[in-house]
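Residues per chain are reported as follows:
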Amino acid sequence: MPNKKQTIESLLEKVKTYTKKADLDIIRLAYDFADNAHNGQTRKSGEPYIVHPLATAHFLADMRIDPVILTAALLHDVPEDTDVTLDEIEKNFGSEIASLVQGITKLGKLKYRGVERYIENLRKMFVAMAEDVRVMIIKFADRIHNLTTLGALPPQKQYRIALESLEIYAPIANRLGIGEIKGILEDLSFEYVYPKEYQRVKQIRDEKLKGKDEFLRQIQEDIKNELLNTGIKTVSIDGRNKRLYSLYQKLQRKDHDITQVYDLVAIRIIVPTIADCYASLGILHKHWRPLKGRIKDYISQPKPNGYQSLHTTVFSDNGEIIEFQIRTPEMHDDAEYGVAAHWHYDEHCSKRPAREITWIKELAEIQKDILNKLSDLEEIKIDFLQNRIFVFTPKGDVIDLPEGATPVDFAYHIHTDIGDKCNGARINEQMASLDTELKNGDVIEIVIDKNRKGPSQDWLNFIKTHTAKTHVTNYLKDKQKGKIADWFKYVLPKK
Ligand code: MN
């Protein structure tokens, strides 16, 4: 990271390139204020402390994020690490910036150790997100700079910070739809959490990509011309290497066989409209044969985090297999920035309305209750941090569940009674056992037994969602109580 070149001057220059509306004086004032407050403090690397908030702000400026967020980023460590108080920040910078800084400060202080610390941290982040998701955007930028400077810390601490980034921060970024930040967090932590695997995957990727540059450049050139011939003016075409952690995960799913990975390089085509997206897909398929079963229409069926694009994998002229991703500038902006897209300035599309993220609300509602119970940690990770799948009811209603969910989770998601009375399931019209793992796109029909008394204890061995587990455990507890009550009735003398 070229920290030494990052100055307040270059920060202001960056901001000017994407918005004319920024209050540059306030940004400069925040820098001077923070520089003053942190005066004499150093980072573990020996550099003056101000390098860190400045780098955090630079990262956000590189992402073309709203200057208000950037200003708060410059001040983010002031109340926690210096004598300057939040009141003074409010007096100088107003309540909006002060409240963002306060949000970050609240995240900072962790009391516990071990698993309790992990949970406390999760709970704090969920609360912060529910209150103002901008706090998380600053926190991500803060964490990314800390990850790039991990080298200065003792190995134990490196590992802890990297693991937490990989297991908490990256999945949250993913659920917020901020693909860009998720990818950066994963790759930076990967190296520290699984150093051997990191080196191995890096070597596999580099070998596979060696000498392909010219070929990929040529393909992009050809497509651009081909599309232009049919009247489609591309906004941009670029080839992107698959990120290392994402490649690592895919290799694990594909028995470590790199030839089974088709999106090592994906070529992204950005065209002005949705009609252009479908037209471009047609043109690609006219020239190159698509691989069976690899055409995905995430425009008409977006992924649960809102991701939209057309994907296809084709055999190119020299037999090389290439993945294409076709989308509009708005879809691209959403894919990279997710909820942050609302505070992101893009040259090709205007600012988005703030996206409603219902799971943040769900989370705020239940967090008080379950986050305090240790045994629920795995459930929380599954319910809120894991990837989601889409499945369908026979009527075509879409149900969003965590990966690994079963027909029983599905049944409880529809209705408690359906869960309690569920006796079997048909998945895509085939009878399936209740512990079958559901897959994206499955159509599920629950078979009900009206005479069934209630859920069975064994279900606890395979159900995944908090809703299903709560219902089953509560039922079993009540049943237990009922039994005891019956027993008392029996042994107590009648009056
Ligand atoms: Mn910080």
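Residues numbered from 1 in each chain as written. Predicted model: local features only at pLDDT ≥ 70, side-chain atom pairs only at ≥ 80, totals over all residues. Heavy atoms only, no water.

A. View of the coordination of the manganese ion. Those donors, His 52 (NE2), His 76 (NE2), Asp 77 (OD) and Asp 142 (OD), are the protein atoms that reach the manganese ion, and they lie 2.1 to 2.3 Å from it. Counting residues between consecutive donors of the manganese ion along the chain gives the motif H-x23-H-D-x64-D. Of the two residues, Asp 77 is situated in the loop between helix 4 (67–74) and helix 5 (78–81) and Asp 142 in helix 8 (residues 133–148); the sequence distance between them amounts to 65 residues. Judged on exposure class, the residue Asp 77 and its partner Asp 142 are both buried. (Donors = N, O, S within 2.8 Å, 3.2 Å for Na, K, Ca; no water. Helix = DSSP H or I, 4+ residues; strand = E, 2+ residues; numbered from the N terminus. Buried < 20%, exposed > 50% of the residue type's maximum accessible area, 1.4 Å probe, protein only.)

B. The arrangement of the side chain of Thr 56 in detail. Tracing the sequence through the fold places Thr 56 in helix 3 (residues 51–62). Under the relative-accessibility criterion, Thr 56 is labelled buried at 0%. Apart from residues no more than four positions distant in its own chain, Thr 56 is found in contact with Ala 73, His 76, Ile 138, Ala 141, Asp 142 and His 145. (Contact = heavy atoms within 4.5 Å.)

C. Representation of the pairing of strand 2 (residues 265–270) within the structure. Burial of strand 2 is extensive: 6 of the 6 residues sit out of reach of the surface. Residues Val 265, Ile 267 and Ile 269 line one face of strand 2 and the alternating positions Ala 266, Arg 268 and Ile 270 line the opposite face, and both faces are buried. Examined bridge by bridge, strand 1 (residues 236–241) and strand 2 share 6 bridges and lie antiparallel to one another. Within strand 2, the residue paired with Ile 237 across the bridge is Ile 269. Two elements, strand 2 and strand 5 (residues 321–327), share 5 bridges in a ladder whose sense is parallel. Paired with Ile 269 across the two strands is Ile 326, which belongs to strand 5. (Pairing = 2+ DSSP bridges.)

D. Region of interest: the pattern of salt bridges. Evaluation of the coordinates by the stated rule reveals 20 salt bridges. Residues Glu 96 and Arg 134 are paired through a salt bridge, measuring 2.7 Å at the closest nitrogen-oxygen approach. One end of the pair, Glu 96, is in helix 6 (residues 86–108); the other, Arg 134, is in helix 8, and 38 residues separate them in sequence. Accessibility expressed as a relative area gives 41% for Glu 96, which makes it partly exposed. In this structure Arg 134 comes out as buried when scored by relative accessible area, which is 11%. (Salt bridge = Lys/Arg side-chain N within 4 Å of Asp/Glu carboxyl O.)

E. Looking closely at the layout of surface pockets. Here the second largest pocket is characterised by a volume of approximately 800 Å³. Lining the second largest pocket are 28 residues, and of these Arg 43, Tyr 49, Asn 146, Lys 157 and Ile 161 lie nearest its centre. Looking at the lining of the second largest pocket, the elements that each hand over two or more residues are helix 5, helix 6, helix 7 (114–131), helix 8 and helix 9 (155–175). Looking at the lining of the second largest pocket, the element that brings in the most residues is helix 9, giving 5 residues. Residue composition of the lining of the second largest pocket, grouped by class: 9 nonpolar, 7 polar and 12 charged. (1 Å grid on protein atoms, 1.4 Å probe; cavity = no way out; pocket = protein on both sides within 12 Å on 5 of 7 lines; lining within 4 Å. Points joined across faces, edges and corners; volume = space filled by probe spheres on them. Nonpolar A, V, L, I, M, F, W, Y, C, P; charged D, E, K, R; others polar.)

F. Layout of the sheet that holds strand 10 (residues 444–448). On the basis of which strands lie adjacent, the open sheet formed by 3 strands has the order 9-8-10 and antiparallel pairing. Because the sheet does not close on itself, it has two edges, and the strands there are strand 9 (430–432) and strand 10. Pairs of neighbouring strands in the sheet enclose a mean axial angle of 35°, with direction left out of account. Pairing geometry for strand 8 (residues 422–427) and strand 9, over 3 bridges, is antiparallel. Within strand 9, the residue paired with Arg 426 across the bridge is Met 431. (Axes fitted to C-alpha atoms, helices over the stretch in contact; angles between N-to-C directions.)

G. Focus on the side chain of Asp 142. The class of Asp 142 is buried, set by a relative accessible area of 5%. Polar side-chain contacts of Asp 142 include one of 2.7 Å to the side chain of His 52. Excluding its chain neighbours within four sequence positions, the residues that come into contact with Asp 142 are His 52, Thr 56, His 76 and Asp 77. (Polar contact = N/O pair within 3.5 Å; in protein donor to acceptor, adjacent residues only side chain to side chain.)

H. Region of interest: helix 4. Counting buried residues in helix 4 gives 7 out of 8 residues, a clear majority hidden from the surface. Within the sequence span of helix 4, burial applies to Pro 67, Ile 69, Leu 70, Thr 71, Ala 72, Ala 73 and Leu 74. Lining the buried residues of helix 4 we find helix 1 (8–18), helix 2 (24–37), helix 3, helix 6 and helix 8.

I. Molecular detail of a positive patch on the surface. A surface patch of positive charge is lined by Arg 253, Lys 254, Lys 296 and Lys 303. Within the secondary structure, Arg 253 sits in helix 13 (residues 244–253). Arg 253 sits in the exposed class, given a relative accessible area of 60%. (Patch = residues over 30% accessible without salt bridge, like charges linked within 9 Å, V, L, I, M, F, W, Y side chains within 5 Å. Areas by Shrake-Rupley, 256 points an atom, 1.4 Å probe, with all protein chains shown as cover. Lys, Arg positive; Asp, Glu negative; His and termini not counted. Charge placed at Lys NZ, Arg CZ, Asp CG, Glu CD.)

J. Quick look at the sheet that holds strand 5. Across the sheet, which stays open at both edges, the 5 strands sit in the order 1-2-5-4-3 with mixed pairing between neighbours. Edge positions in the sheet fall to strand 1 and strand 3 (296–297), since each of these pairs with one other strand and no more. When strand 4 (residues 310–315) meets strand 5, the two strands line up antiparallel, connected through 6 bridges. Across the sheet, the residue bridging to Leu 310 is Ile 326, located in strand 5.

K. How the structure looks around helix 14 (residues 274–287). Spanning 14 residues, helix 14 covers 21 Å between terminal C-alpha atoms, matching the ideal 20 Å at 1.5 Å per step. Taken together, the buried positions of helix 14 are occupied by Asp 276, Cys 277, Ser 280, Leu 281, Ile 283 and Leu 284. All buried residues of helix 14 lie within an arc of 165° about the axis, which places them on one face of the element. Opposite the packed face of helix 14, turned more than 90 degrees from it, sit the exposed residues Ala 275 and Lys 286. If you follow the buried residues of helix 14, they end up packed against helix 12 (213–229), strand 2, strand 4 and strand 5. (Expected span 1.5 Å × (residues − 1). Arc of directions from axis to C-beta.)

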